[in-house]
Amino acid sequence: MSSRRDEILKTAEAIRWEVGEKLYDRTVEAVYEEASRIASRAVAVSGQKPRFDFERTLDKLVTNRWTGFPLMFLILAVVFWITIEGANIPSQMLAGLLLDTIHPALKSFGELASMPWWLSGFLFDGVYLAMAWVVSVMLPPMAIFFPLFTLAEDFGYLPRVAFNLDALFRKAGAHGKQALTMAMGYGCNAAAIVSTRIIDSPRERLIAVLTNNFAICNGRWPTQILIATIFLGTLAPPHLSSVIASLAVVIVVVIGIVFTFLVSWGLSRTILKGEASFFSLELPPYRPPRLWQTLYTSVIDRTLIVLWRAVVWAMPAGAVIWLVSNIHIGGVSIAEHVITAFHPFGLLIGLNGVILLAYIIAIPANEIVIPTILMLTVLVTRMAGVGSGAGVMFELESELATAEVLRAGGWTVLTGVNLMLFSLLHNPCSTTLYTIYKEIGSAKWTAVAAFLPLSIAFLVCFVVAQLWGAIG
Amino acid sequence: MSQLTPEQCEACPINRDAKLTRLGLDVSSFDYVIALAGNPNVGKSTVFNALTGLRQHTGNWPGKTVVRAEGAFSYAGKRYKVVDLPGTYSLLSTSTDEEVARDFILFGEPDVTVVVADATRLERNLNLILQVLEITDRVVVCLNLMDEARRHGITVDDRTLMRELGVPVVPTSARQGEGIVQLLERIHQVATGEFVTKPRRVWTESKNIKNAVDRLAEKIRAEFPNLPNPRWVALRLLEGDQRMIDAVKSGELAALAENIRMRWQSGEKRMEEANVVAS
């Protein structure tokens, strides 16, 4: 058999002399020439083209080295501000419906049906409340943020952002297209991991995967926004508080970008050594976005799918929360045991035992971190008159009430700041980790993707806490 | 003139839209496979959505489709499976996302390859069209973004283009849904063999090269009877492509093509999963 294969190669060798050298170059050239000839026959361009000039002016502005970055952050700040301001009222309405109306109804139904207390507690206080919380906290900001993001994407702004960041990424030894995958990460880290396929070199792709976590996904915004509003927004006069809160979130985003560069730089000089490869990024034309279609698809396809995933993950987490706070060992619940054990270490890094336990329970879904923290805080401080008992996640009518609970739990501005930093830097959620494992196919790199950000998060929080203590 | 009812319109043979049923994700049984290829960011996913009724994510940046998406529609009594491929500038490149597109066109044996082209950047898009014409006969060119071309004062003569290329050329603005019915009709004609294409073959235009490629392709076909594209392999061998030489020498070529086919057939589930995550 192999002789026939050899013959093919021999024939090819012989014919190659017949057809002459450099056939590859000649065929490619022939294609280019023909393409140019056909195009010149079929295409006619009329004299005036004002649109091109408009685009050029706009491009000069958004990709200029002096105006590009400020414009980028301004757009980001405005988007966050609209999200924070706009999400408030629908969030409260949903909470009123799901938590204040349906939840008591379910509880009284449980009593009517004479369910045992542990069953109704497990189902309605654990599983249902977790789900309801996720819906009321996540749905409004997502329904506002996703359409805005999609509009910018449809318009053609994203590749300009990539263009602006490209030089920085190259200096960090990473691929310029990482800017695009990072932008996807602001929607969902798991989706962004899949999108790193646009990066050809395995080395640069790994860097993009390992640092994608520093782009806060939609599951982490509610945390960022809420904590920024409670601890930083309240430091400012009321009419400025939402502006200050959005600025704080923008700063967190910027810190995330800085860490993306630092870690990319560190990786490309240590375990993932190599030079950045070149690529061409085409700046597509600006296209007027289709408003209604964008609204429709981003609500139906992005918001509802992400929400559905959050709900699916929140329900088992809610069940776990209820269980750890209701199963007692030696008269004290498992939750309290763990919190007491974690507390000294938590304080050392400017957090507390409650936050650490909440992050362990909430590994499947970042969006349930805040409700878990509130519930555990009440459990530990045994506040009278707030909350509804062990293992019940609840929502408080106003942010001030939330702040009160947290302050009673020993929270300070430092705890708030460090929680925002920890939420930004810590390990990716389990969905993202699973996606990384599927995409890269290596348990080792998946472990690095989990523990590298986690160690950075601990380190940064520790340093901030120590500095804070030294100054304050 | 008497009033027409909607029922009469739907029964009318001129109303081609009525022959279209969007089947979404139901790719269970099909008569033809359609591949959507083209440069990045020319609106392939938008055309895909218009054909299948699905809402594959679209956005104005190159590289957003990284996995193959599949959908289906039925038109004039035939069921079509549509495969949306990642954008590619050329069939000669080696990057992983572009490989997906190239492998499918080469070895996935689609019944019709629809090359979606950007009417505002025709010359660059023609490079890919000409390369695709080199390896398959059944091609329909979808000249997309006609609305944008009009806005920029660019007119493209689709009939000249059709004469030059020897395959159907359909001007469309997929975002507005313009030209989709005409595109469907052309796809149908090419798939059923009603329209016989005479593709322009630039590389093998010279008798010399054509003979050489044919002779070598004949030998390759004898050794690898199941290989869908012996002419392409022959051309790459003549160009001295080391990867292709190695694949022939070790006999891996047959396995390679077979693997790709198998992957396309069994890969459906994996791809769907990836889509759910990506959306």
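Presented here is an overview of the structure given in this document. Everything quoted here is computed from the prediction, not taken from an experiment. Each residue is numbered by its place in its chain's sequence as written, counting from 1. Going through the entries in the order they are written, you letter the chains from A and number the ligands from 1. Two thresholds apply to this predicted model, a pLDDT of at least 70 for residue-level local features and 80 or more for giving and counting side-chain atom pairs, whereas whole-chain, interface and lining totals are computed over all residues. Only hydrogens and water are removed before side-chain values are computed, so all heavy atoms of the structure are retained for them.

**A short note on the sheet that holds strand 1 (residues 20-24) of chain B**
All names here are of chain B.
Moving on, step 1. Strand order in the open sheet made by the seven strands is 1-3-4-2-5-6-8, with mixed pairing throughout. Looking at strand neighbours, the two that pair on one side only are strand 1 and strand 8 (169-171), the edges of this open sheet. Averaged over all pairs of adjacent strands, the angle between their axes in this sheet comes to 25°, without regard to strand direction.
Moving on, step 2. Sheet analysis places strand 3 (residues 69-75) next to strand 4 (residues 78-84), joined by seven bridges and oriented antiparallel. Looking across to strand 4, one finds that Gly-71 is bridged to Val-82.
Moving on, step 3. Two residues form a contact once any of their heavy atoms are found within 4.5 Å. Axes, fitted as lines to C-alpha atoms, cover a helix only where it is in contact. Angles between the N-to-C directions of the axes lie from 0 to 180 degrees. Numbering goes from the N terminus for both helices and strands, where a helix is a DSSP run of H or I of at least four residues and a strand is a run of E of at least two. Sitting on the sheet, helix 2 (residues 44-52) touches strand 1, strand 2 (32-38), strand 3, strand 4, strand 5 (112-118) and strand 6 (139-144), and the angle it makes with strand 1 is about 110°.
Moving on, step 4. Relative to strand 8, helix 6 (residues 158-165) is tilted by about 160°, and along the sheet it contacts strand 6 and strand 8. Between any two strands, pairing holds if DSSP finds at least two bridges.

**Observations concerning the pattern of salt bridges**
Moving on, step 1. We define a salt bridge as a side-chain nitrogen of Lys or Arg found within 4 Å of a carboxyl oxygen belonging to Asp or Glu. Applying the stated criterion to the full structure yields 19 salt bridges over all chains.
Moving on, step 2. Between Asp59(A) and Arg160(A) there is a salt bridge, and its shortest N-O distance comes to 2.7 Å. With a gap of 101 residues between them, Asp59(A) in helix 3 (residues 50-62) and Arg160(A) in helix 6 (residues 158-171) connect regions that are remote in the sequence. Arg160(A) matches Asp59(A) in its accessibility class, with the two residues each being buried.
Moving on, step 3. With its nearest N and O atoms 3.2 Å apart, the salt bridge here joins Arg170(A) to Asp166(A). Here the residue Arg170(A) and the residue Asp166(A) both occupy positions in helix 6, the gap between them amounting to four residues, near one helical turn.
Moving on, step 4. By relative accessible area, Arg170(A) is classed as partly exposed at 35%.
Moving on, step 5. Looking at Asp166(A), the relative accessible area reads 15%, which means it is buried.
Moving on, step 6. Each of the salt bridges in this network shares a partner with another, and the network as a whole consists of Glu34(A), Arg37(A), Arg41(A), Glu164(B) and Arg200(B). We call a residue buried when its accessible area falls under 20% of the maximum for its residue type, exposed when it is over 50%, and partly exposed in between, using a 1.4 Å probe and counting protein chains only.

**Describing the side chain of Thr63(A)**
Residue and element names in this part refer to chain A.
Moving on, step 1. Tracing the chain through its elements places Thr-63 in the loop between helix 3 and helix 4 (68-112).
Moving on, step 2. A distance of 2.5 Å separates a polar atom in the side chain of Thr-63 from the backbone oxygen of Asp-59.
Moving on, step 3. Here Thr-63 is in contact with Arg-160, Phe-163 and Asn-164, once residues within four sequence places are set aside. Polar contact is defined as a pair of N or O atoms within 3.5 Å, subject to the rule that within protein one atom must be able to donate a hydrogen and the other to accept it, and that residues adjacent in sequence are counted only when both atoms are side-chain atoms.

**A closer look at unusual backbone geometry**
Moving on, step 1. The phi dihedral of Ser114(A) is positive, around 40°, even though this residue is not glycine.
Moving on, step 2. By the secondary structure assignment, Ser114(A) is in the loop between helix 4 and helix 5 (117-155).
Moving on, step 3. Accessibility expressed as a relative area gives 58% for Ser114(A), which makes it exposed.
Moving on, step 4. Positive phi is not limited to glycine here, since Asn41(B) has a value of about 60°.
Moving on, step 5. As for its position among the elements, Asn41(B) is in the loop between strand 2 and helix 2.

**Here we look at the interface of chain B and chain A**
Moving on, step 1. Taken together, the contact between chain B and chain A spans 68 residues of the former and 69 residues of the latter.
Moving on, step 2. Summing both sides of the interface, chain B and chain A together bury roughly 6,500 Å²; the carbon and sulfur share of this comes to 58%.
Moving on, step 3. On the surface where chain B and chain A come into contact, there are five salt bridges.
Moving on, step 4. At the junction of chain B with chain A, the criterion picks out eight residue pairs in polar contact (both at pLDDT 80 or more).
Moving on, step 5. With nine residues, the single largest contributor to the side of chain B that touches chain A is helix 8 (residues 207-223) of chain B.
Moving on, step 6. The classification used treats Ala, Val, Leu, Ile, Met, Phe, Trp, Tyr, Cys and Pro as nonpolar, Asp, Glu, Lys and Arg as charged, and all other residues, Gly among them, as polar. Its residues assigned to classes, the side of chain B that touches chain A comprises 30 nonpolar, 19 polar and 19 charged.
Moving on, step 7. One ladder, built from three bridges, connects strand 1 (residues 43-45) of chain A with strand 7 (residues 154-156) of chain B; its direction is antiparallel. Looking at strand 7 of chain B, one finds that Val43(A) is bridged to Val156(B). Note on terms: buried area is the combined drop in 1.4 Å-probe accessible area of two parts once they are placed together, counting the loss on both.

**Some points on the nonpolar core**
For soluble globular proteins, the rule of thumb is that nonpolar side chains tend to be buried together.
Moving on, step 1. In these notes, a set of buried Ala, Val, Leu, Ile, Met, Phe, Trp, Tyr and Cys residues joined through side-chain atoms within 4.5 Å is what counts as a nonpolar core. With 112 residues, the main nonpolar core has Leu165(A), Tyr186(A), Ile373(A), Leu376(A), Trp411(A), Leu419(A) and Leu425(A) as its most contacted residues.
Moving on, step 2. Residues within four places of Leu425(A) in sequence aside, it is in contact with Asn213(A), Phe214(A), Phe259(A), Pro453(A), Leu454(A), Ile456(A), Ala457(A) and Val460(A).
Moving on, step 3. In this structure, Ala35(A), Ile154(B), Val202(B) and Ala212(B) belong to the second largest nonpolar core, which totals 66 residues.

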